[in-house]
Amino acid sequence: LKVSFQYDDVPDRPTGPNSINVKYELTADTAATRTPRVFFFDNRKQLSKRSHTMKDVAPGRGKERTYRLFLKKDERDLVTPVKVALRYWVEQNPPSLSTSGQALPSLQNYPSMSPSRLSQGEDLRAEKLMSALDIEFYKQGCGSDQVCDCDLKMT
């Protein structure tokens, strides 16, 4: 599973950061009704979530990181796709609030991926976006539409 980030900067922007830090969280098997069927392996621990900060992502130059998902031993459901969710946001300090009569801070110094909202209890501006991916198992004998129909008959 490869996570990759790249962004385009506004042309002719005179000020602001030359790179951003993108924080993200991967969650494996989000549709599981009980324990997840797959896991990330880290320091001898099985984890259903991984968090990381990709530092210094610069315009036009992407960064990537690869993760391996492991299937639990004796897992029987090999038909239902594994859903993996990715939440990501720009990690940065919020602009200081201006008081009456002071100029507003320049927003050019605060890159944005979406309308900002402040997460409760956090001192960083967290603009959280989400993406999801279905990982299909190899389905031998299934049709081109990846639908597997049982062909058992009793006589």
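**Q** Explain the sheet that holds strand β5 (residues 49–57) to me, and be specific about the residues and the numbers.
**A** Read from one edge to the other, the open sheet built from 4 strands follows the order β5-β2-β8-β9, with strand pairing classed as antiparallel. Among the strands making up the open sheet, the edge pair consists of β5 and β9 (129–135). Taking each pair of neighbouring strands and ignoring which way they run, the sheet shows an average axis angle of 20°. Note that strand β2 (residues 20–28) and strand β8 (residues 82–91) share 8 bridges and pair antiparallel. If you follow Leu 26 over to β8, its bridge partner there is Leu 86.

**Q** Tell me about the packing of aromatic side chains, residues and numbers included.
**A** The full count for this structure, using the stated rule, is 6 aromatic pairs. For the ring pair Phe 39 and Phe 70, a centre distance of 5.8 Å and an interplane angle of 25° mean the geometry is stacked. Of the two residues, Phe 39 is situated in strand β3 (residues 38–42) and Phe 70 in strand β7 (residues 69–71); the sequence distance between them amounts to 31 residues. Overall, Phe 39 belongs to the buried group, its relative accessible area being 10%. Put simply, the rings of Phe 5, Tyr 24, Phe 40, Tyr 67 and Tyr 88 pair up and form one aromatic cluster.

**Q** Can you tell me about the sheet that holds strand β4 (residues 45–47), naming the residues and giving the values?
**A** As summarised here, the arrangement of the 3 strands in space is β4-β3-β7, forming an open sheet in which the pairing is antiparallel. Where the open sheet ends on each side, the last strands, each with one partner, are β4 and β7. Across the sheet, the axes of successive neighbouring strands diverge by a mean angle of 50°, strand direction being ignored. The pairing of β3 with β7 spans 3 bridges and is classified as antiparallel. Paired with Val 38 across the two strands is Leu 71, which belongs to β7.

Rules of the game
- Residue positions are counted from 1 within each chain, in the order its sequence is given.
- At least 70 in pLDDT is required for a residue's local features to be given in this predicted model, at least 80 for side-chain atom pairs to be given and counted, and no such filter applies to totals for whole chains, interfaces and linings, which use all residues.
- To get the side-chain values, all heavy atoms of the structure are used, and hydrogens and water are removed first.
- Strands qualify as paired when DSSP identifies two bridges or more between them.
- A helix here means a DSSP run of H or I that spans at least four residues, while a strand means a run of E at least two residues long, and both kinds are numbered starting from the N terminus.
- Convention adopted: a line fitted to C-alpha atoms gives each axis, helices being fitted over their contacting stretch, and angles between N-to-C directions are expressed from 0 to 180 degrees.
- Ring geometry is summarised as follows: Phe, Tyr and Trp rings, the Trp one being its six-membered ring, pair when their centres sit within 6.5 Å, and such pairs are stacked at plane angles under 30 degrees, edge-to-face over 60 and tilted between the two.
- Using a 1.4 Å probe on the protein chains alone, a residue whose accessible area is under 20% of its type maximum counts as buried, one over 50% counts as exposed, and one in between counts as partly exposed.

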